[in-house]
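# Survey of secondary and tertiary structure
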Amino acid sequence: MGLYQVKYQSMSASYGPSFIEADSETEARRKFAGSAFSKNEMILITARPVSINEMKRALRSEAEGE
């Protein structure tokens, strides 16, 4: 199992990044979407593998911005 950074971005909305543990990018996208996104919206969700250090940096940066 790996860590994935998952985001949704359309012309009018942006959600994420979320860090999700999954076996594949497809599974990470599916976990992120749950039942909130339609089939057509699923193509707007991206997932990519991340390291633990990258996740820590992103979370630290977010916390400093609050």
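The structure contained in this document is the topic of the report that follows. Within each chain, residue numbers correspond to sequence positions counted from 1 in written order. Owing to the predicted nature of the model, reporting of local features is limited to residues with pLDDT of at least 70; listing and counting of side-chain atom pairs is limited to 80 or more, with chain, interface and lining totals taken over all residues. The side-chain figures draw on all heavy atoms in the structure; neither hydrogens nor water molecules are used.

### Some points on the sheet that holds strand β3 (residues 45-49)
Within a sheet, each strand pairs with its neighbour through backbone hydrogen bonds, oriented either parallel or antiparallel. Spatially, the three strands line up as an open sheet ordered β2-β1-β3, and their pairing is antiparallel. Both edges of this open sheet fall to β2 (14-22) and β3, since each of them pairs with a single strand only. Along the sheet, successive strands turn relative to each other by an average axial angle of 20°, direction set aside. A contact between two residues is defined here by any heavy atoms of the two lying within 4.5 Å. Comment: axis = line fitted to C-alpha atoms, over the contacting stretch for helices; angle = value between 0 and 180 degrees taken between N-to-C directions. Strands here mean DSSP runs of E at least two residues long; helices mean DSSP runs of H or I at least four residues long; both are numbered from the N terminus. Relative to β2, helix α3 (residues 52-65) is tilted by about 145°, and along the sheet it contacts β1 (2-9), β2 and β3. The pairing criterion is simple: DSSP has to find at least two bridges between the two strands.

### Observations regarding the packing of aromatic side chains
Aromatic rings from Phe, Tyr and Trp, with only the six-membered ring used for Trp, were paired whenever their centres fell within 6.5 Å, and each pair was classed as stacked if the ring planes differed by under 30 degrees, edge-to-face if by over 60, and tilted otherwise. Per the stated rule, a full pass over the model turns up four aromatic pairs. Ring geometry for Y15 against F37: centres 6.2 Å apart, planes inclined by 70°, an arrangement best described as edge-to-face. Of the two residues, Y15 is situated in strand β2 and F37 in the loop between α1 (25-33) and α2 (39-42); the sequence distance between them amounts to 22 residues. Centroid distance F32 to F37: 6.0 Å. Interplanar angle 15°. Geometry classified as stacked. Take F32 and F37: they sit in the same class, and that class is buried. An aromatic cluster is built from Y8, Y15, F32 and F37, whose rings are joined through pairwise contacts. A simple rule labels every residue: compare its accessible area, found with a 1.4 Å probe on the protein chains alone, to the largest value its type can have, and call it buried under 20%, exposed over 50%, or partly exposed in between.

### Some thoughts on the pattern of salt bridges
Each reported salt bridge corresponds to a side-chain nitrogen of Lys or Arg within 4 Å of a carboxyl oxygen of Asp or Glu. A full pass over the atoms with the stated rule returns two salt bridges. One salt bridge connects E27 with K31, and the closest N-O pair in it is separated by 3.5 Å. In this pair, E27 and K31 both sit in helix α1, four residues apart, roughly one turn of the helix. On the accessibility criterion, K31 (45% relative accessible area) is partly exposed. Notably, a salt bridge pairs R48 with E54, separated by 2.5 Å at the nearest N-O pair.

Honestly, it's all geometry; don't read function into it.
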